[in-house]
Amino acid sequence: MENPEEQYKEVLVQVLSDVLERLAFMFAEQCSVDEFPASESGYMKTAMTFSGPFDGCLSLAVSSDMCVELAANILGAEPLDENVMDKAQDALKEFLNIACGQILTSLAGEEPVFDLSVPEAHKIEESEWKAMGEDPNAVGLLADDFPVLAALKTVNT
Amino acid sequence: MALNILVVDDSETVRAIIAKTLRLAQVPINELFTAANGKEALEILSDNWVDLVFSDINMPIMGGVEMIEKMFADDVMKTIPVVVVSTEGSKTRMEELKTKGVKAYIRKPFTPELVRSVVEDITGGFTDGES
């Protein structure tokens, strides 16, 4: 595979945009991390691993208000609904889970079998958000004006 | 005929999405059961009549494949159609699941039209708005 990092970034942008649109009716486009709007709501990160023809980790970080908006759109509810606030982290994990399946199919085709871990999520400090933005494997997107960071790392490719 | 449906997924969000999608697809539902893993699902199946199961594969405690194997080892449960709803897109995995008796495979994200079509294929169809 020639220059896999660039291919990964291209697939990340394409798949994340597609899944955001189909799952949550949110529209995303690639954006430089330097152009991200500041977030005062804090940040959430979710990650999962996979193993198969190649192994790796997919991670995703978003602002906390994006997380709530994502849950509201997926569930068809208002962002301020208490039920939505409770499910925001779970919705983010499910978004990652769906995106991971689609990314692996885009990269490896429809024949190989991958075993996927259960996604885990937690709040992160702004310093971790900034560090992820500086990661050469990371790509930035703006989804309905909310900042999104994603990174795909693999071994034995 | 309104259906008793069991939705098995460790994500509360996905359980809510499937419930919403079934409503949007106008699938006639008598009772909707939910379980967070295969173990909980088997307990519900042993205590209740269920017409159709929608299940994820990757779940903690007991995953979908183990649950399906246990269902097919039971004389009553093996007659209940199972639809796997998963993020995985491997045709090899889909074929493996079909050999275990899975009736259909729906990949996330999915549409109400797809869900309705799968339920109609399995149940032989139903009348619009029946509930």
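The structure displayed is predicted, hence computed values, not measured ones.

## Considerations on the pairing of strand β5 (residues 104-107) of chain B
Residues and elements named next belong to chain B. Neither face of β5 is open: one carries A104 and I106, the other Y105 and R107, and all of them are buried. Where strand β4 (residues 82-86) and β5 come together, four bridges link them in parallel fashion. Residue pairing for β5: V85 is matched across the bridge by I106. For the crossover that starts at β4, traverses helix α4 (residues 91-99) and ends in the parallel β5, the hand is right-handed.

## Structural notes on the sheet that holds strand β3 (residues 52-55) of chain B
Residue and element names in this part refer to chain B. Read from one edge of the open sheet, five strands run β2-β1-β3-β4-β5, paired in parallel fashion. Edge positions in the sheet fall to β2 (29-35) and β5, since each has one partner strand and no second. Strand after strand, the sheet turns through a mean of 20 degrees between neighbouring axes, direction not considered. Packing against the sheet, helix α5 (residues 112-123) makes contact with β1 (3-8), β3, β4 and β5, and its axis sits at approximately 175 degrees to β5.

## Considerations on helix α3 (residues 82-108) of chain A
Residue pairs three or four apart in sequence face the same way in an α-helix, which turns once every 3.6 residues. Residue and element names in this part refer to chain A. Over its 27 residues, α3 runs 40 Å from end to end, which matches the ideal 39 Å to within 8%, given 1.5 Å per residue. Considering bend angle alone, the principal kink of α3 is centred on A88 and spans about 50 degrees. Counting buried positions over the 27 residues of α3 gives 19, a clear majority of the element. A positive phi of about 85 degrees marks G109, the residue just after α3.

## Structural notes on the interface of chain A and chain B
Facing the 23 residues of chain A at the interface are 20 residues of chain B. Summed over both partners, the interface of chain A with chain B buries about 2000 Å², with 51% contributed by carbon and sulfur atoms. Of all residues in chain A, E94, E110 and V113 of chain A bury the most surface against chain B, accounting for 23% of the area lost on that side. Taken together, chain A and chain B are joined by four salt bridges.

## A closer look at the nonpolar core
Judged by nonpolar contacts, the single largest core of 67 residues is most densely connected at L60 and I103 of chain A together with F54 of chain B. When residues in this core are grouped by element, the largest group, twelve residues, is from α3 of chain A.

## Section: the state of the cysteines
Residue and element names in this part refer to chain A. Within the structure shown, the criterion is met by zero disulfides over all chains. Of all cysteine sulfurs, the one in C67 lies closest to C31, which takes part in no disulfide; the gap is 19 Å. C67 takes part in no disulfide bond, and the closest cysteine sulfur, belonging to C57, lies 17 Å away. On the basis of relative accessibility, which here comes to 2%, the residue C67 falls in the buried class.

## Examining unusual backbone geometry
P109 of chain B follows K108 of chain B through a cis peptide bond whose omega is -5 degrees. You can see P109 of chain B is positioned in the loop between β5 and α5. Positive phi, close to 55 degrees, is recorded for F25 of chain A, a residue that is not glycine. Within the element layout of this structure, F25 of chain A appears in the loop between α1 (4-24) and β1 (28-30).

Basis of the calculations
Residues numbered from 1 in each chain as written. Chains lettered and ligands numbered in written order. Predicted model: local features only at pLDDT ≥ 70, side-chain atom pairs only at ≥ 80, totals over all residues. Heavy atoms only, no water. Buried < 20%, exposed > 50% of the residue type's maximum accessible area, 1.4 Å probe, protein only. Helix = DSSP H or I, 4+ residues; strand = E, 2+ residues; numbered from the N terminus. Pairing = 2+ DSSP bridges. Right-handed = clockwise from strand over helix to strand, strands pointing away. Axes fitted to C-alpha atoms, helices over the stretch in contact; angles between N-to-C directions. Contact = heavy atoms within 4.5 Å. Expected span 1.5 Å × (residues − 1). Bend = angle between axes of the 7 residues up to and from the residue. Buried area = accessible area lost by both parts, 1.4 Å probe. Salt bridge = Lys/Arg side-chain N within 4 Å of Asp/Glu carboxyl O. Core = buried A, V, L, I, M, F, W, Y, C linked by side-chain atoms within 4.5 Å. Disulfide = S-S within 2.5 Å.

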